[in-house]
Amino acid sequence: MVSHTNQGISHILQEGTKISFGLHEVFLKNLEACDDLKKKISSSFGPNGMNKLMLQKNGRILISSDTVSILNNLKFIHPASKILVFSALFQEQELGDNAGTVILLSTEILKQAYELLKSGFSTSEIIQNFEEAGRITLKILNSLVVHRLINLKNLNLVKSVLFFCTKESDRNFNNHIAPQIAFICSRIFSTAFQKFSKENLRVIKIIGGSINETKTISGSVILKDTEGSVKNTRKANIVMFSCLFDLPGVETKNSFLFKKPQDILSYEKDLTNSMEEKITTLHQKGINVIIANGFGDSVLGFFGKI
């Protein structure tokens, strides 16, 4: 006699897979995963937070209480905890801080939502009321504003705000760095969209020197020495190439058709004459600075003749 046992779908899933049924049970499992993540972050939160000892992928040991460092060195599997981690990292990417606050606040909101579910409220009602609470919170925060920057183009006003972000003992920042940051803010601020774009800001580190030699310019900085003997120029007319400025090599994917043996012998000479004509044409148009990924030795020889 053969007996059949109803095993459900567990026998066709990976071993160790857990199945939850019902809205409350599923929500509780998600809440538990988020609460576990919160406990790991909350113990390292604040000025008295404890450090975490983590083993990185490269085998090195990292000791840190920073939320972003902890999240980047832990592997999360549960979907609910992944959503919290992505939200926290997005907060860090956009605003540069308060990644841990996102996790702590979100978990507490989930706990309160679970209590409302047990009280009989529907999911749509809870979401609707949380959205309304968010709008009310924004109104309250706007009413608590002590000082508002009306004109971000005013360097003195922006500097005065930056001074509050640092200690009085940090004179290097207040006297040298803060004015430059204020200048950057006034330059990259978009009046039309009322926001900053970090894509308009680049930081170039040059070996040597001190923080007092930091300088802010409007333009482009190329961290490489110039080719040739000319090291500086004024009122430059610039042309930029995103490729190598040189004679085409053998390895290029170009096709050449030679009809006569003389064409093969004169091939290199023709290329040289063609490049020299291009450089001469650029010079005649007033171009005196060329930026490219690299220059060949033969091309540098042409520049020396001009």
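Residues numbered from 1 in each chain as written. Predicted model: local features only at pLDDT ≥ 70, side-chain atom pairs only at ≥ 80, totals over all residues. Heavy atoms only, no water.

A. Local environment of the overall build of the chain. Along the chain, the regular secondary structure elements total ten helices and six strands. Within the span of the chain, comprising 306 residues, buried residues form 19% of the whole. For the chain, contacts bridging at least 24 residues in sequence account for 56% of all contacts bridging at least 6. In the form shown here, the chain has an accessible surface area of approximately 24,300 Å², with 56% of it arising from carbon and sulfur atoms. (Helix = DSSP H or I, 4+ residues; strand = E, 2+ residues; numbered from the N terminus. Buried < 20%, exposed > 50% of the residue type's maximum accessible area, 1.4 Å probe, protein only. Contact = heavy atoms within 4.5 Å. Areas by Shrake-Rupley, 256 points an atom, 1.4 Å probe, with all protein chains shown as cover.)

B. How the structure looks around the pattern of salt bridges. Within this structure, the stated rule accounts for six salt bridges. With its nearest N and O atoms 3.7 Å apart, the salt bridge here joins Asp35 to Lys39. One end of the pair, Asp35, and the other, Lys39, are both in helix α1 (residues 23–42), four residues apart, so they sit about a helical turn from each other. Looking at Asp35, the relative accessible area reads 15%, which means it is buried. With a closest N to O distance of 2.7 Å, Glu132 and Arg135 form a salt bridge. Remark: Arg135 and Glu132 occur in helix α5 (residues 123–143); sequence separation between them is three residues, near one turn of the helix. Classification of Glu132 by relative accessible area gives partly exposed; the value is 36%. Judged by its relative accessible area of 45%, Arg135 is partly exposed. Here the salt bridges do not stand alone but share partners, grouping Asp35, Lys38, Lys39, Glu108 and Lys111 into one network. (Salt bridge = Lys/Arg side-chain N within 4 Å of Asp/Glu carboxyl O.)

C. Spatial organisation of the confidence of the model for the chain. On average, residues of the chain score 78 in pLDDT, and 83% of them reach the 70 mark or higher. Taking the mean pLDDT of every element in the chain, the minimum, 71, falls on helix α8 (residues 261–265) and the maximum, 90, on α5. Here residues 1–6 scores under 50 on pLDDT; set against residues more than four positions off or in separate chains, the count is zero contacts. (pLDDT = per-residue confidence, 0-100.)

D. The arrangement of the pairing of strand β1 (residues 52–55) in detail. Relative to strand β2 (residues 61–64), β1 is paired through four bridges, and the arrangement is antiparallel. Within the sheet, the bridge partner assigned to Leu53 lies in β2 and is Ile63. Counting the residues in the hairpin turn of β1 and β2 gives five residues, including Gly59, whose phi is positive at 90°. (Pairing = 2+ DSSP bridges.)

E. Expanded view of the nonpolar core. Of all hydrophobic cores here, the largest spans 14 residues; its most connected members are Leu37, Ile41, Leu71 and Ile103. Those elements that provide at least two residues to this core are α1, α2 (67–72), α3 (79–95) and α4 (99–118). When residues in this core are grouped by element, the largest group, four residues, is from α3. Aside from chain neighbours lying at most four places away, what touches Ile41 is Thr67, Ile70, Leu71, Gly100 and Ile103. Counting ten residues, the second largest nonpolar core, distinct from the first, contains Val239, Met275, Ile287 and Ile290. (Core = buried A, V, L, I, M, F, W, Y, C linked by side-chain atoms within 4.5 Å.)

F. Representation of α4 within the structure. Relative to the 28 Å expected for 20 residues at 1.5 Å per residue, α4 spans 30 Å between its end C-alpha atoms, a close match to the ideal helical length. Taken together, the buried positions of α4 are occupied by Ala99, Gly100, Val102, Ile103, Leu104, Thr107, Ala113, Tyr114 and Leu117. A positive backbone phi angle near 110° is found at Gly120, which sits one or two residues after α4. (Expected span 1.5 Å × (residues − 1).)

G. Expanded view of the packing of α4 against α5. Remark: α4 packs on α5, axes separated minimally by 10 Å, with the N-to-C direction vectors making an angle of 140°. Judged by the inter-axis angle, α4 sits oblique to α5. Pair α4 / α5 crosses with right-handed handedness. Only Thr123, Ile126 and Phe130 of α5 make contact with α4, whose side of the interface consists of Ile109, Ala113, Leu116 and Leu117. (Axes fitted to C-alpha atoms, helices over the stretch in contact; angles between N-to-C directions. Parallel < 35°, antiparallel > 145°, perpendicular 65-115°, else oblique. Left-handed = near helix turned anticlockwise from the far one by under 90°.)

H. Examining the packing of α3 against α4 more closely. Remark: α3 packs on α4, axes separated minimally by 8 Å, with the N-to-C direction vectors making an angle of 145°. The element α3 and its partner α4 pack so that their crossing is right-handed. On α4, the residues touching Leu84, Ser87, Ala88, Gln91 and Glu92 of α3 are Ala99, Val102, Ile103, Ser106 and Thr107. In terms of residue class, the contact of α3 with α4 is made up of five nonpolar, four polar and one charged. (Nonpolar A, V, L, I, M, F, W, Y, C, P; charged D, E, K, R; others polar.)

I. Main features of a nonpolar patch on the surface. A cluster of nonpolar side chains, contributed by Leu105, Ile109, Leu116, Phe121 and Phe130, occupies part of the molecular surface with about 420 Å² of accessible area. Element by element, the count of residues in the nonpolar patch is highest for α4, at three residues. With respect to the element layout, Phe130 can be found in helix α5. For Phe130, a relative accessible area of 32% gives the class partly exposed. (Patch = residues over 30% accessible without salt bridge, like charges linked within 9 Å, V, L, I, M, F, W, Y side chains within 5 Å.)

J. Region of the structure containing the side chain of Thr67. With respect to the helices and strands, the residue Thr67 is situated in helix α2. In this structure, Thr67 is in contact with Ile41, Ala99 and Gly100, ignoring residues within four places of it in sequence.

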